[in-house]
Amino acid sequence: MMDTLNEPKTFPVTALEAFAAFAVQEQAPWLRKIRGEASLKAAELGLPTIKDEEWKFTNVAPLSQLTLEPAEKSSPDLAPEDIARFSFGLDCHRLVFVDGRFSAKLSVLPKAGSDLQVGSLAGFIKSNSPEVAKHLAAHACFGTNFFTALNTAFFQDGAFVSIAAGKTADKPIHLLFVGASEQPGATSFPRTLILAGKGAELKIIESHVSLADATRVTSAVTELVLEPNARVEHCKIQQDSERAFHVATVQAVLAKDGRWVSHSIALGSRIARNQVQALFDAEGGEAVLNGLYLGHGDQLIDHHTVVDHAKPHCESHEFYHGILDGRAHGVFNGKIFVRQDAQKTNAKQTNRNLLLSDNAVIDTKPQLEIYADDVKCTHGAAIGQLSEEAVFYLRARGIGEALARRMLIQAFASGVVGRIGIEAVRAELEQMLVKRFEPAGE
Amino acid sequence: MINIRSGQNTERDMLDIRNLCAGVNGAPILKNLNLQVKAGEVHAIMGPNGSGKSTLAQVLAGRSDYEVTGGSVDFNGADLLEMKPEDRARAGVFLAFQYPVEIPGVNSTSFLKAALNECRKARGEEELDAMEFLSMVKQKTKLLELDQSLLTRSVNEGFSGGEKKRNEIFQMAVLEPKLAILDETDSGLDIDALRVVAGGVNKLRRPDNATLVITHYQRLLNYIVPDVVHVLAHGHIVKSGGKELAMELEERGYDWILETVASNGKP
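Rules behind the numbers
Residues numbered from 1 in each chain as written. Chains lettered and ligands numbered in written order. Predicted model: local features only at pLDDT ≥ 70, side-chain atom pairs only at ≥ 80, totals over all residues. Helix = DSSP H or I, 4+ residues; strand = E, 2+ residues; numbered from the N terminus. Rg over C-alpha atoms; globule rule 2.2 N^0.38 Å. Buried ≥ 20, exposed ≤ 12 C-beta atoms within 10 Å, placed from the backbone. Contact = placed C-beta atoms within 7 Å. Domains from an automatic or database assignment. Nonpolar A, V, L, I, M, F, W, Y, C, P; charged D, E, K, R; others polar. Pairing = 2+ DSSP bridges. Axes fitted to C-alpha atoms, helices over the stretch in contact; angles between N-to-C directions. Left-handed = near helix turned anticlockwise from the far one by under 90°. Core = buried A, V, L, I, M, F, W, Y, C linked by C-beta atoms within 7 Å. Expected span 1.5 Å × (residues − 1). Parallel < 35°, antiparallel > 145°, perpendicular 65-115°, else oblique.

1. Section: the overall build of chain B
Within chain B, the secondary structure is distributed over 8 helices and 12 strands. Over its C-alpha atoms chain B spans a radius of gyration of 18 Å, differing by no more than 12% from the 18 Å that the globule rule assigns to 267 residues. Projected onto its principal axes, the C-alpha coordinates of chain B cover approximately 60 × 40 × 40 Å. Out of the 267 residues belonging to chain B, those deemed buried represent 43%. Considering only intrachain contacts with a sequence separation of at least 6, the fraction spanning at least 24 residues in chain B is 70%.

2. Examining the domain arrangement of chain A
Residues and elements named next belong to chain A. When the domains of chain A are assigned, the result is domain 1 (2–282) and domain 2 (387–442). The C-alpha-based centres of domain 1 and domain 2 are spaced at 31 Å. The interface is formed by 11 residues belonging to domain 1 together with 8 residues belonging to domain 2. Those elements giving two or more residues to the side of domain 1 that touches domain 2 turn out to be strand 9 (201–210), strand 11 (231–239) and strand 13 (259–266). Of all the elements, strand 13 adds the most residues to the side of domain 1 that touches domain 2, at 3 residues. By residue class, the composition of the side of domain 1 that touches domain 2 is 7 nonpolar, 2 polar and 2 charged.

3. A closer look at the environment of Met 247 of chain B
Checked against the element boundaries, Met 247 of chain B lands in helix 7 (residues 243–252). A C-alpha to C-alpha distance of 9.2 Å links Met 247 of chain B and Arg 219 of chain B, two positions 28 residues apart in sequence.

4. Observations regarding unusual backbone geometry
Of note, the phi angle at Lys 344 of chain A is positive, near 60°, even though the residue is not glycine. Tracing the backbone through its elements, the reader meets Lys 344 of chain A in the loop between strand 18 (329–338) and strand 19 (346–355). For Asn 156 of chain B, which is not a glycine, the phi torsion comes out positive at approximately 60°. With respect to the helices and strands, the residue Asn 156 of chain B is situated in the loop between strand 8 (154–155) and helix 5 (161–175). The class of Asn 156 of chain B is buried, set by 23 C-beta atoms lying within 10 Å.

5. Things to note about the pairing of strand 4 (residues 116–120) of chain A
Note on strand geometry: in a regular strand, side chains alternate between the two faces of the sheet. All names here are of chain A. Judged by how many residues are buried, strand 4 sits mostly within the fold: 4 of 5 residues are covered. Examined bridge by bridge, strand 4 and strand 5 (residues 159–163) share 5 bridges and lie antiparallel to one another. Residue pairing across strands places Ser 120 opposite Ala 159, the latter belonging to strand 5.

6. Notes on the packing of helix 3 (residues 29–45) of chain A against helix 7 (residues 146–154) of chain A
Residue and element names in this part refer to chain A. One can describe the packing of helix 3 onto helix 7 by two numbers: an axis separation of 8 Å at closest approach and a directional angle of 145°. Seen along the crossing, helix 3 lies across helix 7 with a hand that is left-handed. Contact residues: Ile 34, Arg 35, Ala 38, Ser 39, Lys 41, Ala 42 and Leu 45 in helix 3; Phe 146, Ala 149, Leu 150, Thr 152 and Ala 153 in helix 7. Class assignment of the residues belonging to the contact of helix 3 with helix 7 gives a composition of 8 nonpolar, 2 polar and 2 charged.

7. So, the nonpolar core
Counting residues in hydrophobic clusters, the biggest one holds 198 residues, and the most contacted among them are Ala 196 and Leu 226 of chain A together with Phe 94, Leu 179 and Ile 181 of chain B. With 9 residues, helix 9 (residues 401–417) of chain A is the largest single contributor of residues to this core.

8. Here we look at the sheet that holds strand 12 (residues 236–241) of chain B
All names here are of chain B. Ordered by their spatial adjacency, 6 strands build an open sheet running 6-9-10-3-11-12, and the pairing between neighbours is mixed. Only two strands of the sheet have a single neighbouring strand rather than two, namely strand 6 (93–96) and strand 12. Looking at each pair of strands side by side, their axes are set apart by 20° on average, direction ignored. Where strand 11 (residues 228–233) meets strand 12, 5 bridges bridge the pair, whose relative direction is antiparallel. Opposite Val 231, over in strand 12, you have Lys 239 as the bridge partner. Docked against the sheet, helix 5 engages strand 6 and strand 9 (179–183), running at close to 165° with respect to strand 6.

9. A closer look at the sheet that holds strand 5 (residues 78–79) of chain B
Residues and elements named next belong to chain B. Taking strand neighbours across the sheet as the criterion, the 4 strands line up as 2-1-4-5 in an open arrangement whose pairing is antiparallel. The strands lining the two open edges of the sheet, one partner per strand, are strand 2 (27–37) and strand 5. As paired elements, strand 4 (residues 67–75) and strand 5 share 2 bridges and run antiparallel to each other. Within the sheet, the bridge partner assigned to Phe 75 lies in strand 5 and is Ala 78. Contacts from helix 1 (residues 53–61) reach strand 1 (15–24), strand 2 and strand 4 within the one sheet, and its direction differs from that of strand 2 by about 75°.

10. Quick look at helix 6 (residues 191–204) of chain B
Residues and elements named next belong to chain B. The terminal C-alpha atoms of helix 6, which comprises 14 residues, lie 20 Å apart, in line with the 20 Å expected from a rise of 1.5 Å per residue. Where helix 6 is concerned, the buried positions are Leu 194, Val 196, Val 197, Ala 198, Gly 200 and Val 201. On its buried side, helix 6 packs onto helix 4 (130–143), helix 5 and strand 10 (210–215).

11. Some details on the pairing of strand 10 (residues 217–226) of chain A
All names here are of chain A. The buried count for strand 10 comes to 10 of 10 residues, which makes it a mostly enclosed element. Every second residue of strand 10 is oriented toward a common face, with Val 217, Ser 219, Val 221, Glu 223 and Val 225 on one face and Thr 218, Ala 220, Thr 222, Leu 224 and Leu 226 on the other, all of them buried. Where strand 7 (residues 186–188) meets strand 10, 2 bridges bridge the pair, whose relative direction is parallel. Its bridge partner being in strand 10, Thr 187 is matched across the sheet by Val 217. Where strand 8 (residues 191–196) and strand 10 come together, 6 bridges link them in parallel fashion. When the bridges of strand 10 are listed, Leu 193 appears paired with Glu 223. Note that strand 10 and strand 12 (residues 245–254) share 10 bridges and pair parallel. Along strand 12, the bridge assignment pairs Val 225 with Val 253.

12. Examining the packing of helix 4 of chain B against helix 5 of chain B
All names here are of chain B. Contact pair helix 4 / helix 5: the axes reach a minimum separation of 9 Å and the direction vectors enclose 135°. Overall, the two elements helix 4 and helix 5 adopt an arrangement that is oblique. As helix 4 runs across helix 5, the sense of the crossing is right-handed. From helix 4, Val 137, Lys 140, Thr 141 and Leu 143 reach across to helix 5, where they touch Phe 170, Ala 173 and Val 174. Its residues assigned to classes, the contact of helix 4 with helix 5 comprises 5 nonpolar, 1 polar and 1 charged.

This is the structure:
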């Protein structure tokens, strides 16, 4: 602990003050206070190092070599056709953010009404939304996480989605974060708050894409609040450039009988770290955490999940698949807390990995902390290669070896993608997987 | 009448195995095996456990776990042993697996469509579109009394033993191979399933294709009547005869043949 404190700060927060100017202006006092605290916290924590248990497999030191500056400063003007290919062909409400800033021109919003509010978070802050004041930064803890602190201190904009009690969103909501700046070190801090009222239902796609092959930095935070019996599906798809850094926290809080389905599909970035966290704040909740990470080249893709069974009678299912090729490095750390009160907890965690090359690496670690006695917790991790028996079976029917291997890799990935409840997204991801594993030149 | 030995017939053999030697991890299993099969014929290969029956099936299909150390296999004029497994399948060799593998996540229908179109391409035929494929599949499922809903599932995943075997013959019906090798297709089948599977195989018999039925028991041969029965022991064919040989084996077991062979030296 002392070590961390005494180390020189490799990531000077003062250098980030430039971001403050881009953060929301005319801030409400409550937000100014939180930002001040978060900024101090970020300075205190400093950039994590591999000496930190939570970061021992993921070295973010290369970040300190970049000169970070707000991506907005070098953001080009985009036309709808520039981003058309990221739409999933989906009939939806779409909020588009370019280099962290909301673009009204590129977005398609629902008609203003009280049932479903969708829009720029900065806008809702300016209009003094009481819901935002109540929930923003109240759930994703920045006290222990440098990147969450940084985001909280400096976020410029992001999405706000709120659905009223008893309502079901008429269409899925697509939050599209586009990295367009080609400036090395261009940085954005997208911030999203999603509120689902009592018994409400909502499907959200949060996708992160890059237009340029630039060394961008994204540090995103998404908070989801599920009131009693709310049902939310959240599908995060990360396809940043393979030179980018992507760090994200997704934190959901579930009230009684809430049901949260999370998908984290990580395809891009040179270094990606996803924290997917669920807190059961009342009985009867259910959380499903699906994940798929595909790494090749020199990519490092890290998922840290935390499921906090703070209350009894809740269920969690984690299902993460990784496919690693080249010199890619995957990390899966699955933490499950079962608090003393949380009797009759049912927690299940599976992490399976397919290593396609001798140089690919996976570090997988279940971490169960159980303080209740009447619970059911299972976990399993598997690392393997393709089944040669299955490859032979397909070949014996006339399917060429390369295609046979591809079919099996896709099948492995489909195990996760197939769980996505939004048909168009599922179909497009399947297509993406086909392309990803196609040999060059075919 | 069909001649057992090829020398007496001017018609060319579809499959001509000469002095085939193969093993696994340096241990020899097949030792100078000879076998000739003509188009239109059904040959049964019987033999005690461990005699090399399944090895023969796997070697013919191209499984790389087995090492071929000698001999030759000619299939319609081509050197089969030089071909990759997929090329053998495209040339018309089909192995109905003894233990069909479950492949989670690979849809049965798309798998079969991909396989069929590869085989059709190799035969110089047009690929089938989705509609043509489905109507053909529907027809063939009837032949095997196969529940069509199985085709919406992953390949063999969660299939019962009988469903797996039926699915193998169904695939054979779709792919229409020249040479079908049935590796213990009867094992694990109840009598009704056996009748259905055998009925399917019989309906698929044509003058231009051949079937190699590998089995431990005579039972299957009541339904798929062979032209020739071979006894495989110690890695080679020790005796060949008509279908009555199978009856004799059923009655007397394998020991008497092994003893006869031992006393006579090489067959």
